[in-house]
Amino acid sequence: MTPDRPALLKSLLTGALAAGLSVSALPAHAEGRIRIAEQFGIVYLLLNVAQDQQLIEKHGKAAGVDIQVERVQLSGGPAINEALLSGSIDIAGAGVGPLLTLWDKTQGKQNVRGIASLGNFPYYLTSSNPAVKTIADFGDKDRIALPAVGVSVQSRILQLASAKRWGDAQFNKLDRLQVALPHPEATAALIKGGTEINAHFGNPPFQEQGLAGNSNVHIVLNSYEVLGGPASATVLYTTEKFRRDNPKTYKAFVGALAEAADFITKNPERSADIYIRNENSKVPKELLVKVIRNPEVQFKITPQNTFALASFMHRVGAIKNKPASAKDYFFDDPHNADGS
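These numbers come from a predicted model, not from an experiment.

Outline helix α12 (residues 268-279), listing residues and values.
Look at α12: 16 Å from first C-alpha to last across 12 residues, which is about the 16 Å you get at 1.5 Å a residue. Within α12 the residues assigned to the buried category are Pro268, Ser271, Ala272, Ile274, Tyr275, Asn278 and Glu279. The buried residues of α12 all sit within an arc of 160° when viewed along its axis, so they share a single face. If you follow the buried residues of α12, they end up packed against β1 (33-38), α2 (45-52), β2 (68-73), α8 (206-213), α11 (247-266) and α13 (285-293). Within two residues after α12, Asn280 carries a phi angle of roughly 50°, on the positive side.

Right, dumping it as structure tokens:
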């Protein structure tokens, strides 16, 4: 948590959620305030840049509204979703899996849908066990760290990979080996060794840190292989009410994201500095720049290749409602028109 993120919101969310309690909804607010929850990693770089360059405020002023921006960091889709449903935040940043779960759960009620993608990033499942070359090689003694067991986007992608390997009936075959752990802690455990954690389904830059920090760590699975190409694994979403009641704030937020994506593409070095500064990160700048410049990484707000996961989740009963396309679970905004 960076110093400028409100201590009150941090205390409210992290304290109550850590205790497993329901967070009391904060009072409804007028246009001009936006509370954003995100998780860990450079996949949230659009938000880092938007904050650092005050792009949301900039686009708000252009629309005639002063916007107060608040951000909080949580770990795992369930915590993010609970905060959104409680009214403690306005914008959720999490994986496609948690979005689909909430879209399904809130139809006819809060009507949660996606706002935008945070970009396309390959997510790596890595292991320090030399015997593990594919997911079929994981055994009873292996432990795979990821943000949330069974429900995080990493866990859902692993379930999809399992279904392709062993059939839909065994889609959750590897759930029993999973351990919920934030990416920074999982990376540290994998690099150090000597703990039960010998695998990590991460995201950038933590997966690259793990590969660089321990010569035994290797890639077992690339999310792009499972999803059929470049895909938006992490997204932003909100309720229908927030979008309807705050049109200028919502539009300013989307405009800021688009400008941030353009900024990062044109300024990899400056963007790495912003990430380090905003996250108090100890990740070497050269590693961050390498991630940003990775040809497989694309900073864009139009969602891409999310439907394979949506179809799978309905097929195995993880969501009840069957989406016909990505347009069902993303808002009907111009930048989502070509989303998939």
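There is more to say after this.
Run through the sheet that holds strand β5 (residues 124-127), naming residues and quoting values.
On the basis of which strands lie adjacent, the open sheet formed by five strands has the order β7-β6-β8-β5-β9 and mixed pairing. One side of each edge strand has no neighbouring strand; the edge strands of this open sheet are β7 (178-180) and β9 (218-222). For this sheet the average axis-to-axis angle between neighbouring strands, irrespective of direction, equals 25°. Here three bridges tie strand β6 (residues 144-146) to β7, and the two strands are oriented parallel to one another. Residue pairing for β7: Ala145 is matched across the bridge by Val179. Taken strand by strand, helix α7 (residues 183-192) contacts β5, β6 and β8 (199-201), and its axis lies near 150° from that of β8.

If you had to explain the pairing of strand β10 (residues 234-238) to someone new, which residues and values would you point to?
Burial of β10 is extensive: five of the five residues sit out of reach of the surface. Neither face of β10 is left uncovered, since the one carrying Thr234, Leu236 and Thr238 and the one carrying Val235 and Tyr237 both have all their residues buried. By the bridge criterion, four bridges tie strand β4 (residues 113-117) to β10 in an arrangement that is antiparallel. By the bridge assignment, Ala116 is partnered in β10 with Leu236.

Please provide a residue-by-residue account of the sheet that holds β1, values included.
Taking strand neighbours across the sheet as the criterion, the five strands line up as β2-β1-β3-β10-β4 in an open arrangement whose pairing is mixed. Sheet topology places β2 and β4 at the edges, where each strand pairs with a single neighbour. Sheet twist, expressed as the mean angle between neighbouring strand axes with direction ignored, is 25°. The pairing of β1 with β2 spans six bridges and is parallel. What sits directly across from Arg35, in β2, is Glu70. Contacting β3 (91-95), β4 and β10, helix α5 (residues 96-105) crosses the sheet at an angle of about 120° to β3.

Run through the packing of aromatic side chains, naming residues and quoting values.
As enumerated under the stated definition, the model contains five aromatic pairs in all. Ring geometry for Phe171 and Phe312: centres 6.0 Å apart, planes at 75°, overall edge-to-face. Of this pair, Phe171 sits in the loop between α6 (153-166) and β7 while Phe312 sits in helix α14 (residues 307-315), and the two are 141 residues apart along the sequence. Owing to a relative accessible area of 16%, Phe171 belongs among the buried residues under this scheme. For Phe312, a relative accessible area of 0% puts it in the buried group. Here a set of aromatic residues connected by ring pairs shows up, and it is made of Trp103, Tyr329 and Phe330. For Lys173, the ring lying beneath its charged end belongs to Trp166, and the centroid distance is 5.0 Å.

Reading guide: rules and limits
- Residues numbered from 1 in each chain as written.
- Predicted model: local features only at pLDDT ≥ 70, side-chain atom pairs only at ≥ 80, totals over all residues.
- Heavy atoms only, no water.
- Helix = DSSP H or I, 4+ residues; strand = E, 2+ residues; numbered from the N terminus.
- Expected span 1.5 Å × (residues − 1).
- Buried < 20%, exposed > 50% of the residue type's maximum accessible area, 1.4 Å probe, protein only.
- Arc of directions from axis to C-beta.
- Contact = heavy atoms within 4.5 Å.
- Pairing = 2+ DSSP bridges.
- Axes fitted to C-alpha atoms, helices over the stretch in contact; angles between N-to-C directions.
- Phe/Tyr/Trp six-rings, centres within 6.5 Å; stacked < 30°, edge-to-face > 60°.
- Lys NZ or Arg CZ within 6 Å of the ring centre and 35° of its normal.

By themselves, these observations are geometric and do not establish any function.
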